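Coordinates in review
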Amino acid sequence: MNWRELDSPIGTLLVCASSRGICHVEFGGYAERLEQMEAWLSKQWPGSGAAMANTAAGPSKLLDEAQRQLHDYFEGRLRSFDLPLELRGTSFQKAVWGELARIPYGEVRSYKQVAEQLGKPLAVRAVGGANNRNPVPLIVPCHRVIGANGSMVGFGGGVEIKTYLLGLEGYA
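What you see is a predicted model; the values in this text were computed from it and never measured. (Residues numbered from 1 in each chain as written. Predicted model: local features only at pLDDT ≥ 70, side-chain atom pairs only at ≥ 80, totals over all residues. Heavy atoms only, no water.)

Observations concerning the overall build of the protein chain
The number of helices and strands found in the protein chain is six helices and six strands. Taking 2.2 N^0.38 as the reference for a compact globule, 172 residues should give roughly 16 Å; the C-alpha atoms of the protein chain span a radius of gyration of 16 Å, in line with that estimate. When its C-alpha atoms are laid out on the principal axes, the protein chain stretches across 45 × 35 × 25 Å. The proportion of buried residues among the 172 residues of the protein chain is 48%. Sequence-distant contacts, at least 24 apart, represent 57% of the contacts inside the protein chain between residues at least 6 apart. For the protein chain, the computed accessible surface area is about 8,900 Å², with 49% contributed by carbon and sulfur atoms. (Helix = DSSP H or I, 4+ residues; strand = E, 2+ residues; numbered from the N terminus. Rg over C-alpha atoms; globule rule 2.2 N^0.38 Å. Buried < 20%, exposed > 50% of the residue type's maximum accessible area, 1.4 Å probe, protein only. Contact = heavy atoms within 4.5 Å. Areas by Shrake-Rupley, 256 points an atom, 1.4 Å probe, with all protein chains shown as cover.)

Encoded structure:
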């Protein structure tokens, strides 16, 4: 498991990659997120003895590409990420994350709309839970999901960052 801290307009981002793809993005640096990272690692790769290796000073083509794409996103030059991902979750969570990835740049959907797109119109709360557990925010744009009344509800990075990201994308 490799990781890199990246500076961004919304603060430090911690991006993690397995040998198969980007698998985790955290808001904040490694030192401040250490406890959460260790819990996440032991839950997602139990018994693997996986270790986190900081590749900030060393080569990692995948983390280099993630850094480039995130930079281009924040500069307004990238509307959709094209990175290999290794997402671990339930089949329902993965279905929700797939639906989130289809929300176009600069557009939003409500939790109810996402549930309806999945063919599970009564699963609004479950969609919210899966959205909350998105391991790669920004790359899978969970910030594009809002309340049914248009309110900026729930976001792991905070509502201020969600508002910033939607503003960056041109959502009024």
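There's plenty left to go through after this.
Some details on the pattern of salt bridges
Taken as a whole and assessed by the stated rule, the structure comprises ten salt bridges. Measuring nitrogen to oxygen at the nearest pair gives 3.3 Å for the salt bridge that ties glutamate 99 to arginine 102. Residue class for glutamate 99 comes out buried when judged on its relative accessible area of 12%. When the shortest N-O distance is used, the salt bridge between arginine 144 and glutamate 169 registers 2.8 Å. Taken together, the residues arginine 144 in the loop between helix H5 (124–132) and strand S6 (145–146) and glutamate 169 in the segment after helix H6 (159–168) connect sequence positions 25 residues apart. With respect to burial, arginine 144 and glutamate 169 carry one shared label: buried. A single network of salt bridges, built from pairs that share partners, joins Glu65, Arg68, Asp72, Glu75 and Arg77. (Salt bridge = Lys/Arg side-chain N within 4 Å of Asp/Glu carboxyl O.)

Quick notes on the environment of leucine 14
Mapped onto the fold, leucine 14 is located in strand S2 (residues 13–17). Taking the C-alpha atoms as reference, leucine 14 lies 25 Å from valine 108; in sequence the two are 94 residues apart. Look past the residues within four positions of leucine 14 in its chain and what remains in contact with it is Trp3, Arg4, Glu5, His24, Val25, Glu26, Gly28, Tyr30 and Met37.

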